[in-house]
Amino acid sequence: MKRTGEAAHPPHQLPLNQILAGDCIEVMRSLPEASVDLIFADPPYNLQLRGELHRPDNSKVDAVDDHWDQFEGFAAYDRFTRDWLAAARRILKPNGAIWVIGSYHNIFRVGAALQDAGFWVLNDVVWRKANPMPNFRGKRLTNAHETLIWASKAEASRYTFNYEALKALNDGVQMRSDWVIPLCTGHERLKDEAGDKAHPTQKPEALLHRVLVATTNPGDVVLDPFFGTGTTGAVAKMLGRDFIGIEREEAYRRAAAERIARVRKFDTAGLAVTGSKRAEPRVPFGTVVERGMLRPGEVLMSANERHTARVRADGTLVAPDVSGSIHQVGAALEGAPSCNGWTYWHFKREGRMIPIDILRQQIRAEMDPH
C-alpha cells in the first residue's frame, strides 16, 4: 500500500534511473532531502585479506583485494560508515527504510553505527548461500552466509512491508529471516573483456527481488550508494521501481549500464503483488444486511452444516443460547477463543454453499476507486 504524508519532490529534481559517478557520500549530499523510499547498501566489507588465496589445485581464488575495500584500520572504516549513513539518512523519506548487507568482517560495526545514527532495526536476515565457496585453508568454518540488516528511519516510521506478497512467494507460509539463495553464477554472473568476473561480490538478482517485493511498491525510488555492476538497478527496472545508482569505478558503471539497458520491465499486470488484508477497506457485516445481500431471518451455516444461526436486522446473529457478532457466535458454537466469521459462515443459493466473505468482496470492489 502506498504511504502518504511523505515529503513531496517533483520527479525532475531526482536523477531517476541514472548511474551517478563519484564518491557516494558527496553525491548523496547533493540529492534532495527526504526524497528516497528505500536504500539498499552493499558497502565495502573491509576484508583486509593478507596475501593471495589458492585452491587445493594451486589455482588462484579471485578474492576481494580491490583498493575500494582497503582501509587503514577499524577507526577509518567506522568514520567512513558513519559518514555514508548520515548522508543516506538525510535523503531517506520519513517512512523510508534501509537495507545493509555485510559479512562477519563488518556487519556488527555497521549495525552499531546504524543504531547510533537513529535508525530502528526491524530484522536481521541471514542469507544462507546454497553454494558457498569452501574454506580452502581449512582453518575456519566455511563462511556460508551473509547478514542483511533491515531498518526504518525511526521507531515510529510507517515503513512498507508487503507481508502477504512474501508469504505468497514462500508457498503460503510466513517468510522467515533465513533465506537460502545461491551465489550469483552462470549466465547471471557478469564477465569483463578478459573473461574474468566483472565484480568480485556481485549479488544474485533473487536476493534483490525478495528485498524489493517485500519493502517497496511500484513507482518507489530505490537508491544504491555502492552500485557495482547494477543488480539493484536491474531488478528495480524489472519490477517497475525507479532507481538511482552511485558508483565511483568507471568499469563497474559501464558494466551496469550495459546490463540495465538489456533489462525489460515486467508488464503492469505482472507487477501487482498480493496485498495486505489489513490494508483493505473495512466492511461491517451490518452493511451486507443493510444492502439486502442477506435478509433478516436468513439462516447461515458453518461449512460442515453442523451449526446454524439467523441473521438479525442489526447485523448480529442469533443461535441457540448465544447471540452476537458473526465472529462471537462462531467462536461460541465451536468452543474456540476466536473465529473469523467471514470465512466460517455460509449461505445457500441454488443448493450451493457460499461463504459470506464473497459478499464482503463485492462491496470492497465497489469501494475501490480504480
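Residues numbered from 1 in each chain as written. Predicted model: local features only at pLDDT ≥ 70, side-chain atom pairs only at ≥ 80, totals over all residues. Heavy atoms only, no water.

S.K.: Explain the nonpolar core here, please?
M.R.: General note: in soluble globular proteins, nonpolar side chains tend to be found buried as a group. Core analysis: the largest hydrophobic core is formed by 33 residues, its most contacted members being Trp99, Leu148, Trp179, Leu207, Val211 and Leu212. Those residues in contact with Trp179, other than ones at most four positions away along the chain, are Trp99, Val125, Val126, Trp127, Arg128, Leu207, Arg210 and Val211. Grouped together as the second largest cluster of nonpolar side chains are 32 residues, Ile39, Trp84, Ala87 and Ala151 included. (Core = buried A, V, L, I, M, F, W, Y, C linked by side-chain atoms within 4.5 Å. Buried < 20%, exposed > 50% of the residue type's maximum accessible area, 1.4 Å probe, protein only. Contact = heavy atoms within 4.5 Å.)

S.K.: Please explain the packing of aromatic side chains as it appears in this structure.
M.R.: The description of an aromatic ring pair rests on the distance of the ring centres and on the angle between the ring planes. In total, this model carries eleven aromatic pairs according to the counting rule given. Their ring planes at 50 degrees and their centres at 5.4 Å tell us that Trp150 and Phe161 sit as a pair that is tilted. Separated by eleven residues along the polypeptide, Trp150 in strand β5 (residues 145-152) and Phe161 in the loop between β5 and α4 (163-169) bring together distant segments of the chain. Relative accessible area serves as the criterion here: at 5%, Trp150 is assigned to the buried category. Accessibility expressed as a relative area gives 37% for Phe161, which makes it partly exposed. Through a chain of ring-to-ring contacts, the aromatic side chains of Trp99, Trp150, Tyr159, Phe161, Tyr163 and Trp179 assemble into a single cluster. We note Arg89 situated over the ring of Phe119; from NZ or CZ to the ring centre the distance is 5.0 Å. Between the NZ or CZ atom of Arg109 and the centre of the ring of Phe74, over which it lies, the distance is 4.3 Å. (Phe/Tyr/Trp six-rings, centres within 6.5 Å; stacked < 30°, edge-to-face > 60°. Helix = DSSP H or I, 4+ residues; strand = E, 2+ residues; numbered from the N terminus. Lys NZ or Arg CZ within 6 Å of the ring centre and 35° of its normal.)

S.K.: Any chance you could explain the pairing of β5 here in plain terms?
M.R.: Burial within β5 is extensive, with seven of its eight residues counted as buried. When strand β3 (residues 92-102) meets β5, the two strands line up antiparallel, connected through six bridges. Its bridge partner lying in β5, Trp99 is registered against Trp150. Two elements, strand β4 (residues 120-129) and β5, share eight bridges in a ladder whose sense is antiparallel. Bridged to Trp127 within β5 is Glu146. (Pairing = 2+ DSSP bridges.)

S.K.: Would you take a moment to explain the sheet that holds strand β9 (residues 299-302) for this structure?
M.R.: Strand pairs in the sheet, formed through backbone hydrogen bonds, run parallel or antiparallel to each other. Reading across the sheet, the six strands line up as β12-β11-β10-β9-β13-β14 and stay open at both edges, with antiparallel pairing between neighbours. At either margin of the open sheet sits one strand with a lone partner, and together these are β12 (322-324) and β14 (352-355). Direction aside, neighbouring strands of the sheet carry axes that sit 35 degrees apart on average. In terms of strand pairing, strand β13 (residues 345-349) meets β14 through four bridges, oriented antiparallel. In the strand pairing of β14, Arg349 is matched with Arg352. Lying over the sheet, helix α10 (residues 326-334) contacts β10 (308-311), β11 (317-319), β12 and β13, oriented at roughly 155 degrees with respect to β12. (Axes fitted to C-alpha atoms, helices over the stretch in contact; angles between N-to-C directions.)

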